[in-house]
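Summary of structural features
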Amino acid sequence: MKKTVILLLAMAVLSSVGFAQKSVLTGRVKPIPNLPSRQASAITVENWMHQCDTTDFWPRERLIVEQVLAGNVPDSLRYLHEIAFATPVVDSVEILRTPHKICIWAACDYVAIGDNADFIRMPMGPLAAQEIADSLGCILPTAYMVDRINDVAQGAVDIFPFRPVGDRNMQPMVFQDSNNAINALFKAKGYHFGQFVSGLKKDIILTCRIKNDPRYSRNVAIYGWHHPDGRAQQPIFIRHGNFYVDYSHGVRLVSRTCTVDGKPMDIRTILESPTLYHLLSDEARPIVPATYAGDEPWLFNGKM
């Protein structure tokens, strides 16, 4: 009953502002499917990071997938939270001539390895991110969806960049330094892990700029890292190969199932549709295919 009241209040807020884009958390939560319980014998973050330090990129990507799908994730990241928003009215786009109420389900933070007290938000490449998402009934967001998720932030921290020196920012030790800095900012602001907080990471996203251009077919798209005033530090960027990851990259899981005006729909189907994609993307074209699965990995010396 309580959750129903919260949802009705959320919908009332959307209606009262004339179907504005601003998102609201409805209070409804659901578990991520297919994610097993964390085992008591799961590797600790200290040992995990030592393993990452001594493992090359592609083998490390495989280990990340194995750890997450084995359930070595904090409790807060086992759930998806419903976010409601309404599409803007755009007379030049047929499907947007009238507003639509959209509900998506998103994780409160970025994919992490560890437990509630000791965890690391784990940067990874798009192929590993996509495999995790697919295995858990999820999808990666578009830039538009990242902005709608950012709307519901319950707090914000200033972005914490590290100066690039050679490939230092691609090293796991810097991943951990960044994670420690974020946790320190949480503590200073009185936030707790499990809240939606803005300013943490750049999202790996889906975009037509990669999928519609064969020059970038083996690349990754990133976007976000919002300032407290809502500005995104990182515009959509597609020039890194799919072997590239640094401390600032994060993976936000979003359920593949959303609702459009109360009707369940598959987000991938929406994003690939020449008419429906406008509901969840503000780009010029649909995303076909709306996945990194099947992309060829960059090779090093002929080896993955």
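So, here's what we can say about the structure. (Residues numbered from 1 in each chain as written. Predicted model: local features only at pLDDT ≥ 70, side-chain atom pairs only at ≥ 80, totals over all residues. Heavy atoms only, no water.)

What about the pattern of salt bridges?
Our working rule: Salt bridge, as used here: a side-chain nitrogen of Lys or Arg that lies within 4 Å of a carboxyl oxygen of Asp or Glu. Each helix is a run of DSSP H or I of at least 4 residues and each strand a run of E of at least 2, with the numbering of both proceeding from the N terminus. Exposed residues in this analysis have more than 50% of their type's maximum accessible area, buried residues have under 20%, and partly exposed residues fall in between, with area computed by a 1.4 Å probe over protein chains only.
Throughout the structure, instances matching the rule amount to 12 salt bridges. Across the salt bridge formed by arginine 209 and glutamate 283, the nearest N and O atoms sit 3.1 Å from each other. Taken as a pair, arginine 209 in helix α7 (residues 208-211) and glutamate 283 in the segment after α8 (267-272) lie far apart in primary sequence, 74 residues in all. A residue is classified by how much of its surface remains accessible, and glutamate 283, at 10% relative accessible area, is buried.

Notes on the packing of helix α3 (residues 57-69) against helix α4 (residues 126-135)
Defined as follows: Orientation is described by axes fitted as lines to C-alpha atoms, over the contacting stretch for helices, and by angles from 0 to 180 degrees between their N-to-C directions. Roughly parallel refers to an angle under 35 degrees, roughly antiparallel to one over 145, roughly perpendicular to one between 65 and 115, and oblique to any angle outside these ranges. Here is the rule for handedness: rotate from the far helix to the near one, and if that takes an anticlockwise turn smaller than a right angle the crossing is left-handed, while a clockwise turn gives right-handed. In this analysis, two residues are considered to be in contact whenever any of their non-hydrogen atoms come within 4.5 Å of each other.
Where α3 meets α4, the closest approach of the two axes is 9 Å, and the angle between their N-to-C directions is 20°. Put simply, α3 runs roughly parallel to α4. The chirality of how α3 crosses α4 is right-handed. When α3 is examined against α4, the residues Trp58, Glu61, Arg62, Ile64, Val65, Val68 and Leu69 are found in contact with a partner set consisting of Leu127, Ala128, Glu131, Ile132 and Ser135.

A word on the packing of aromatic side chains
Stated formally: For Phe, Tyr and Trp, rings pair up if their centres lie within 6.5 Å, where Trp contributes its six-membered ring, and each pair is then called stacked (planes under 30 degrees apart), edge-to-face (over 60) or tilted (otherwise).
A full pass over the atoms with the stated rule returns 8 aromatic pairs. Both rings, one in phenylalanine 57 and one in tryptophan 58, keep their centres 4.8 Å apart while their planes meet at 75°; by these two values the pair is edge-to-face. No difference in accessibility class separates phenylalanine 57 from tryptophan 58, as the two residues are buried. For the ring pair phenylalanine 243 and tryptophan 298, a centre distance of 6.1 Å and an interplane angle of 80° mean the geometry is edge-to-face. Placement of phenylalanine 243 in the loop between β11 (232-241) and β12 (249-250) and of tryptophan 298 in the segment after α8 is noted, with a sequence separation of 55 residues between them. Residue classification places phenylalanine 243 among the partly exposed residues on the basis of a relative accessible area of 26%. Feature note: the residues Phe160, Phe162, Trp225 and Tyr247 constitute an aromatic cluster, connected by ring pairs.

Details of the nonpolar core
Convention followed: In these notes, a set of buried Ala, Val, Leu, Ile, Met, Phe, Trp, Tyr and Cys residues joined through side-chain atoms within 4.5 Å is what counts as a nonpolar core.
In this structure, Ile104, Leu253, Ile267, Leu280 and Tyr292 are the most contacted members of the largest nonpolar core, which totals 82 residues. The contacts of isoleucine 267, once residues within four sequence positions are left out, are Ile104, Ile139, Met145, Val254, Ser255, Arg256, Cys258 and Leu280. In terms of nonpolar packing, the next biggest core, distinct from the first, is built from 7 residues, Tyr110, Val157, Phe186 and Tyr191 among them.

Some words on the environment of isoleucine 205
Mapped onto the secondary structure, isoleucine 205 falls in strand β9 (residues 202-205). Residues isoleucine 205 and alanine 143, spaced 62 residues apart in sequence, show a C-alpha to C-alpha distance of 6.4 Å. When near neighbours in sequence (up to four residues on either side) are disregarded, isoleucine 205 contacts Pro141, Thr142, Ala143, Val146, Ala221, Ile222, Tyr223, Ile236 and Tyr292.

Overview of the environment of tryptophan 298
Judged by relative accessible area, tryptophan 298 falls into the partly exposed class, the value being 31%. Sequence separation of tryptophan 298 and tryptophan 58 is 240 residues, and the distance between their C-alpha atoms is 9.5 Å. When neighbours within four sequence positions are excluded, tryptophan 298 is seen to be in contact with Trp58, Arg218, Asn219, Gly241, Asn242 and Phe243.

Some points on the packing of helix α2 (residues 45-53) against helix α6 (residues 172-189)
What counts, and what does not: As a working rule, the residues Ala, Val, Leu, Ile, Met, Phe, Trp, Tyr, Cys and Pro are called nonpolar, Asp, Glu, Lys and Arg charged, and the rest polar, with Gly in that last group.
Remark: α2 packs on α6, axes separated minimally by 8 Å, with the N-to-C direction vectors making an angle of 145°. Counted together, Val45, Met49, Cys52 and Asp53 of α2 and Pro172, Met173 and Gln176 of α6 form the full contact between these two elements. Split by residue class, the contact of α2 with α6 holds 5 nonpolar, 1 polar and 1 charged.

Let's talk about the sheet that holds β11
Within a beta sheet, neighbouring strands are joined by backbone hydrogen bonds and run either parallel or antiparallel to one another. Selection rule: We treat two strands as partners when DSSP finds at least two bridges between them.
Spatially, 4 strands are ordered β11-β10-β9-β12 in an open sheet, and the strand pairing comes out mixed. Of all the strands in the sheet, the pair left with one neighbour each is β11 and β12. Alignment of strand β10 (residues 219-226) against β11, held across 5 bridges, turns out to be antiparallel. Its bridge partner being in β11, isoleucine 222 is matched across the sheet by phenylalanine 237. Each of β9, β10 and β11 touches helix α5 (residues 143-151); the most contacted strand, β10, lies at about 25° to it.

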